[in-house]
Amino acid sequence: MKDISYDILDLMEEYGADAAGINRILESQTAPEVLMALSPIRENLVEWIAIGENEKVLQIGSGYGAVTGALARKAGDVLVIDPRVENLEVCKRRHKNLTNIRCQEGEDKDLIGQQFDWVFLIGPETNEAVFGISRAKDNWDKQEEQRITVIEKIRRAAELTRPGGHMVLAFPNTHSMRVWSGDKPDTEELTVALAELNTIVDSLHGKKKEMYYPLPDYKLPSAIYSDIYPPAKGEIPAMFAAYEKPRHRLFSEDVAYSALCETGGFAQFANSFLLLWEKSI
């Protein structure tokens, strides 16, 4: 998703940055980027997570403060780190009434040596373009660079998690049904396949992990399922989400997902993953 920090700051100047102002912005704008940046639906991803009132939280990447408020209302302290000061400014204005949020310009690697009770890495972005699912060699090379970046980001997030603490990851699925049905992956998002995500996390010094599947995806989740409680046939909400950009549909994703729910193959083709990991003591 392209960065629209300056656009949002201009809208906040016009309509306000409080809850009423955010609602006015959402009512006045049709751009999907604004919806995904400011919709309160974004908080569904994390509002159910049991964070202690005295615990320290690290959010890697501001994401316009989309989930920061939900984290701050639970935790004792929330540090948001992002290399873009304009994105941090959106977060500051949006949550100026919450005094337990600290914003820091920089990268996660700048924090090595510190540790937090909770570390959130949600929809990490890439500085390099991924060229869809083309089979050209240079595109494979580019995808390999992105794969290495995913591994590095997850490992750094784990290093920043204290023993007994938790890391929370949210990634789009490289092999989602949406992609197979004709969508092109967002070139500014890092993606990961289910098997690879499991391999990376299993290589860490972890006590346990729990995998969840936000539907239709992690950006605007209306429901969240898990390996313990997977969706049953006919139970999942509509999975076709075309709010980001128009696209062709090669087949009905809803019908395909319904069949996968019967055969137990839903997880592999989910649009995105939400993983909770606990670090060993």
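Presented here is a report on the structure given in the accompanying data block. Since the model is a prediction, treat every value here as computed from it, not as a measurement. (Residues numbered from 1 in each chain as written. Predicted model: local features only at pLDDT ≥ 70, side-chain atom pairs only at ≥ 80, totals over all residues. Heavy atoms only, no water.)

Turning our eyes to something else, we now look at the environment of Tyr213. Here Tyr213 is to be found in strand β6 (residues 206-215). Spatially, the C-alpha atom of Tyr213 lies 8.5 Å from that of Leu275, the residues being 62 residues apart in sequence. For Tyr213, the contacting residues outside a window of four places in its chain are Ala223, Ile224, Tyr225, Ser226, Asp227, Phe266, Ala267, Ala270, Ser272 and Phe273. At 2.6 Å, the side chain of Tyr213 forms a polar contact with the side chain of Asp227. (Helix = DSSP H or I, 4+ residues; strand = E, 2+ residues; numbered from the N terminus. Contact = heavy atoms within 4.5 Å. Polar contact = N/O pair within 3.5 Å; in protein donor to acceptor, adjacent residues only side chain to side chain.)

Moving on, we get to helix α1 (residues 5-15). Within the sequence span of α1, burial applies to Ser5, Ile8, Leu9, Leu11 and Met12. One side of α1 holds all its buried residues, which, seen down the axis, span an arc of 160°. Facing away from the buried side of α1, by more than 90 degrees, are the exposed residues Tyr6, Asp10, Glu13 and Glu14. On its buried side, α1 packs onto α2 (19-28), α3 (32-38) and α5 (85-94). Gly16, located one to two residues past α1, shows a positive phi value of around 105°. (Buried < 20%, exposed > 50% of the residue type's maximum accessible area, 1.4 Å probe, protein only. Arc of directions from axis to C-beta.)

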